[in-house]
Amino acid sequence: MSGGGSLTGSGGSALFSGFRVLGLYSNHVPHALRYHHKHREFYLVTAVGKCLHTYNVNRLGIVAVGDSLSEDITCLAADRMLVFAASGKLVSAFARNKEVVMRYHGHKQEVRLLLPLGDHLISADSGGDVIVWDVQGGDVYLRLQFDPKTFDVSAMMHPSTYLNKVLLGSSQGALQLWNIKSSKLLFTFPGWSAGVTVLQQSPAVDVVGVGTATGRIIIHNIKFNETMMSFTQDWGPITSLSFRTDGPPIVASGSPQGHIALWDLERKQLVTQHRNAHRTAIAAATFLHGEPLLVTNGADNAIKVWIFDREGGGARLLRSRQGHSAPPTTIYHHGIDGKNILSSGQDGTLQSFSTVHERFNKNLGHGSINKKKEQKKKKGLAYEELRLPAITAFSSVAARQSDWDGIVACHRGRRAATTWNYQRCTMGSYHLQPPGSRRDAVATAVDITSCGNFAVIGSSCGRVDIYNLQSGLHRGCYGDNEKAHSGAVRGVATDALNQLTLTSGSDWLLRFWRFKTRKQEQQLKLNAAPASMMLHRDSGMLALALDDFTLQVVDIETRRVVRKFVGHHSNINDMTFSPDGRWLVTVGMDCTVRTWDLPSGSLVDCFLVAMAPVGVSMSPTGDFLATAHVDSLGVYLWTNKSLCGPVGLRPLPNDYQPVVEMLPGVTVDESEQEVPSEEVDDVYKSADQLGLELVTLSLLPESRWKSLLHLDVIKKRNKPVAPPVAPAAAPFFLPTVAGLTPRFTLPAATDQETQSKMLSRGLLSQKTEFSSALESALESGSFDRPVRLLKDCGPAALSVELTCLTPEGGGASCLLLAFVNMIDSMLANGRDFDLAHAYLALFLKLHLRTLSQDTVAMAALLRLSTHMEAGWAGLRSSFDQSLCLLSYTKSALL
């Protein structure tokens, strides 16, 4: 490797750039809800580490991501305009859910409670300090100090209609009602001999809900200091309380076990319960005002919206966003389009994350020991006893996933492998278990053939078995005495044509088997025991990560080691090939992500991350690199810079010191059409004229100006034919004229027929609004208002306006000159270029004979003609240049 580079990386990775993180939605911090009156929509704010995320409740689409704070967020609150977040001793206010607009300094301990109250913000820390802030100025309005040993503030709320009053709850059980304006203690409630965990206002005035650490729910009237009713849940402390406001008198309570209980306040009994609503404690459960919807979040990285539309008051899951509740360990791109990433985590779930949009995410759920035994859950069998342990390795092929299961997974400590169906998002029907194997054997490696028909599974006892995925039947095993290796199998792979099967084991051997006959053809002795291996089927390159922290690349055609790489200082956790097989990307416990160039046999890119990566996968299209990290619940995406432009990759020196790259964060999806949830409309408006040397067309449709010269033809063509008039009803006796000779009388003429249809000249003598504006503009020199009036006119009305400019039409000679000056002004400014020419053409068609007799008007027309020729000369030059360049690019041989 070349040694001409610098010892320390100056710009981080030259090949990859952080893009976004998938699967991060919530943590243990209770969410905050806010209603936007202008958008008429509810928004949900959750905390994820040092950032806050804002979702719309209607679709759970992410609207905004706030600026990152210095420490992890400990509590959230929101009012009509701002979102407040506490991190450590600092309280920050966010505007538009994005940028920090105010910081409140003054706490000496960690802030754990926030309560917006009008123009003030109340915050309480773990040291007993309660501070009332002026939201706009950031000044301390009031400071209250409590002794944590006697009154440790654990909950706060503002009783409805109680002006400037705050109700404080303590972990000792007592409650205090304070007036923050006068700084006076109004009343002390002795409590119920249990610490207060939650305070919540009920829909009824003077009535509040109190949750305690012993699991009691007390509905208390603070005006008369009377307890109206109480409930008790058996799941530990009350973590959240919320009252339904759309009709039924229901209160929901959350528990540390993830269960939700619903209590009827009229009948004073439990209505229903939702067990395992979350895998961890319910951080917050909030009913939307006036709607039968309950929003919950928890530390299991999930946001859920429940709708109450079932008989008996039950709820069902309406929509959710959830990721792994424990860090993912294995990731792999599913399919050939690179849009879906399969991920298995320590929580035992198998999930699919979409790189396009969160609505395409899938949760394949937990594996179960036996689907038939799932029915016994209703008979009292514990839920945890049926769940399979975490997935340690899996393989997926999309070739036959519409016909049968296309995913096979190995589980920690289990001999049988499970099948999964990606399209149905469920575990499959088969448990692939080798017949007659040792009970202590564990499935360690798996691979599915490229055709999707067979699965090859290796185990810790040295067996390598092959199964048919359509039937789930065992089709044989490799090796003599049903053992392919004398030690544990560390990796299995099959080539693209199902000709070879490759296995590696802890006996330091890499063995080549004929796929169909299952006979060994060759074996290769390695320098150390392999930890894992990865085959790039198109190029036939097999990469092996060894226990001595080195890498070896074997060509399966020549069956020789073609490359050896040394550089990792700890265990190599995972590796992946680029789609063309040129790069090998490896990640290790030394917190490095290294890219090796196979043709040159050198390290071309290396960077550090804050948390050790445990999984890596390159997209089949080569656009993204996905990584999973220790103690992180998300899947991180890195963009491939080589697809966006030329990247100079040079061999890195042996003493190269990589630079730490920041892990990417959550980004707002542009396909979501939500507008920012604030009253401020920061919509960019383009300038009317970008430059004086440019011409700008109007935004009017062509029908408003293109047909002005043909109005007479259009009117003639569209002239309606008079409908037939019904004859007057003839009388039964025809009237006759008195006399000797009988003659019939003629019908009398109506008033409409005798009235003249000629309009008097006085009706046309009145000036129109446009004529008055044009006359005023001739004196002031500003023609903006006449142009606006003409833009509002249709073609017929515009023709009438121009016809009335002459003295015969009720106008004056000065109006003709004013119109010519208006067109000259429009061309000089370069605005409404198309309208100026259309108006001028109609004007000359109507009044050319009259203008020819006016010397002043003719002089103005000559000046206008000169300006038009100069403008067209510049445009013609630009057009010719562009046409010439286009013709060259179409005909030149590049």
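Residues numbered from 1 in each chain as written. Predicted model: local features only at pLDDT ≥ 70, side-chain atom pairs only at ≥ 80, totals over all residues. Heavy atoms only, no water.

### Focus: the overall build of the protein
- Check the secondary structure of the protein and you find nine helices and 58 strands.
- Computed over its C-alpha atoms, the radius of gyration of the protein comes to 40 Å, more than 25% above the 29 Å expected for a compact globule of 894 residues.
- In terms of principal-axis extent, the alpha carbons of the protein reach across some 135 × 90 × 75 Å.
- The buried share of the protein, taken over its 894 residues, is 49%.
- Partitioning the intrachain contacts of the protein with sequence separation of at least 6 by distance along the chain shows that 47% fall at a separation of at least 24.
- Counting only carbon and sulfur atoms, one obtains 53% of the accessible surface of the protein, whose full area is about 43,900 Å².
- Side chains of the protein give 87 positive and 81 negative charges; the mean places of these two sets differ by 7 Å. (Helix = DSSP H or I, 4+ residues; strand = E, 2+ residues; numbered from the N terminus. Rg over C-alpha atoms; globule rule 2.2 N^0.38 Å. Buried < 20%, exposed > 50% of the residue type's maximum accessible area, 1.4 Å probe, protein only. Contact = heavy atoms within 4.5 Å. Areas by Shrake-Rupley, 256 points an atom, 1.4 Å probe, with all protein chains shown as cover. Lys, Arg positive; Asp, Glu negative; His and termini not counted. Charge placed at Lys NZ, Arg CZ, Asp CG, Glu CD.)

### Side note on the sheet that holds strand β54 (residues 613–618)
- Judged by pairing direction, the sheet is antiparallel, and its four strands sit side by side in the order β1-β56-β55-β54 without closing on themselves. Whereas interior strands pair on both sides, the edge strands pair on one side only; in this sheet they are β1 (16–22) and β54. Across the sheet, the mean angle from the axis of one strand to that of its neighbour is 25°, orientation sign disregarded.
- Direction of pairing for strand β55 (residues 624–629) relative to strand β56 (residues 635–640): antiparallel, over a ladder of five bridges. Paired with A628 across the strands is V635, a residue of β56. (Pairing = 2+ DSSP bridges. Axes fitted to C-alpha atoms, helices over the stretch in contact; angles between N-to-C directions.)

### A closer look at the packing of aromatic side chains
- Scanning the entire structure with this criterion turns up 14 aromatic pairs.
- The interplanar angle of 55° and the centroid separation of 5.5 Å between the aromatic rings of Y104 and W133 together place this pair among those described as tilted. Placement of the pair is Y104 in strand β9 (residues 99–104) and W133 in strand β12 (residues 129–134), with a sequence separation of 29 residues. By the burial criterion, Y104 is buried, and W133 matches it.
- The rings of F146, F151 and W178 are connected pair by pair, giving a single aromatic cluster. (Phe/Tyr/Trp six-rings, centres within 6.5 Å; stacked < 30°, edge-to-face > 60°.)

### Some remarks on the environment of T239
- Within the secondary structure, T239 is located in the loop between β21 (226–232) and β22 (240–243).
- Since its relative accessible area comes to 26%, T239 is described here as partly exposed.
- A sequence separation of 19 residues divides T239 from G258, and the C-alpha atoms of the two residues are 9.7 Å apart.
- Excluding anything up to four places from it in sequence, T239 contacts V198, G254, S255, P256, I282 and A283.
- A polar atom in the side chain of T239 sits 2.8 Å from the backbone oxygen of I282. (Polar contact = N/O pair within 3.5 Å; in protein donor to acceptor, adjacent residues only side chain to side chain.)

### Things to note about the pairing of strand β6 (residues 75–78)
- Pairing analysis gives four bridges linking β6 to strand β7 (residues 82–87), with the strands arranged antiparallel. Residue A77 lies in a different strand from β7, and its bridge partner there is F84.
- Connecting β6 to the antiparallel partner β7 that follows it, the hairpin turn spans three residues.

### A closer look at helix α7 (residues 813–829)
- With 17 residues, α7 ought to run about 24 Å at 1.5 Å a step, and its terminal C-alpha atoms sit 25 Å apart, in line with that.
- Buried residues in α7 make contact with α4 (769–780), α5 (784–791), α6 (795–803), α8 (833–852) and α9 (855–891).
- Following α7 by one or two positions, G830 has its phi on the positive side, about 80°. (Expected span 1.5 Å × (residues − 1).)

### Brief notes about the packing of α4 against α7
- Across the interface, α4 lies against α7 with an axial gap of 9 Å and an inter-helix angle of 75°. Classified by the interaxial angle, the pair formed by α4 and α7 is roughly perpendicular. In this structure, α4 uses F770, S771, L774, E775 and L778 to contact α7, whose residues at the interface are C814, L815, A818, F819, N821 and M822.
- Residue composition of the contact of α4 with α7, grouped by class: eight nonpolar, two polar and one charged. (Parallel < 35°, antiparallel > 145°, perpendicular 65-115°, else oblique. Nonpolar A, V, L, I, M, F, W, Y, C, P; charged D, E, K, R; others polar.)

### Quick word on the side chain of S344
- For S344, the position within the fold is in strand β31 (residues 340–345).
- Dropping the residues within four chain positions of it, S344 is found in contact with H324, P328, T329, T330, T349, L350, I391 and F394.

### What about a nonpolar patch on the surface?
- Taken together, the side chains of W872, F879, L883 and L886 present a nonpolar region at the surface, about 410 Å² in accessible area.
- Residue placement: F879 occurs in helix α9. (Patch = residues over 30% accessible without salt bridge, like charges linked within 9 Å, V, L, I, M, F, W, Y side chains within 5 Å. Salt bridge = Lys/Arg side-chain N within 4 Å of Asp/Glu carboxyl O.)

### Points about the pairing of strand β41 (residues 474–477)
- Pairing geometry for strand β40 (residues 464–468) and β41, over three bridges, is antiparallel. In the sheet register, D465 faces β41, and the bridge partner there is C477.
- Turn length for the β40-β41 hairpin, with the two strands adjacent in sequence and antiparallel, is five residues, and the turn residue G472 shows positive phi of about 75°.

### A word on the pattern of salt bridges
- Per the stated rule, a full pass over the model turns up 21 salt bridges.
- For R463, the salt bridge identified is with E482, shortest N-O distance 2.8 Å. Linking R463 in the loop between β39 (454–459) and β40 with E482 in the loop between β41 and β42 (489–494), this pair joins segments that are 19 residues apart in sequence.
- Assessed through its relative accessible area of 41%, E482 is described here as partly exposed.
- Several salt bridges converge on common partners, so that one network encompasses R463, D465 and E482.

### A short note on the sheet that holds β31
- Pairing is antiparallel across the open sheet formed by four strands, whose spatial order is β30-β31-β32-β33. With partners counted over all chains shown, the strands left at the sheet margins are β30 (328–334) and β33 (362–366), one partner each. Adjacent strand axes in the sheet meet at a mean angle of 20°, parallel and antiparallel pairs treated alike.
- As paired elements, β30 and β31 share six bridges and run antiparallel to each other. Bridging across to β31, T330 finds its partner in S344.

### Some words on the side chain of S532
- Counting through the fold element by element, S532 comes out in strand β46 (residues 530–536).
- Every residue in contact with S532, bar those within four places of it in the chain, is listed here: R490, A543, L544, A545 and M575.

### A word on the nonpolar core
- One finds L774, L805, F819, M822 and I823 to be the most contacted residues of the largest nonpolar core, which totals 39 residues.
- Listed by contribution, the elements that provide at least two residues to this core are α4, α5, α6, α7, α8 and α9.
- In this view, I823 contacts A836, Y839, L840 and L864; residues no more than four positions away in its chain are not counted.
- Membership of the second largest hydrophobic core comes to 31 residues, among which are Y55, V65, L293 and I307. (Core = buried A, V, L, I, M, F, W, Y, C linked by side-chain atoms within 4.5 Å.)

### Some words on the environment of N301
- Relative to the helices and strands, N301 is located in the loop between β27 (293–298) and β28 (302–307).
- Residues N301 and S26 lie 275 residues apart in sequence; the distance between their C-alpha atoms is 4.6 Å.
- Leaving out residues up to four positions away in the same chain, N301 has contacts with G23, L24, Y25, S26, R321, Q322, G323, H324 and L633.
- For N301, the side chain forms a polar contact with the main-chain oxygen of G23, separated by 2.6 Å.

### Concerning the packing of α4 against α5
- At a closest axis distance of 8 Å, the pairing of α4 and α5 adopts a crossing angle of 160°. Relative to α5, α4 is oriented roughly antiparallel. Where α4 crosses over α5, the handedness of that crossing is left-handed. When α4 is examined against α5, the residues E769, F770, A773, L774 and A777 are found in contact with a partner set consisting of R785, P786, L789 and L790.
- The class makeup of the residues in the contact of α4 with α5 is seven nonpolar, no polar and two charged. (Left-handed = near helix turned anticlockwise from the far one by under 90°.)

### Some points on the confidence of the model for the protein
- When pLDDT is averaged along the protein, the result is 88, and 90% of the positions lie at 70 or above.
- Per-residue pLDDT stays below 50 along residues 1–8; that stretch engages in 16 contacts with residues further than four places along the chain or on separate chains. (pLDDT = per-residue confidence, 0-100.)

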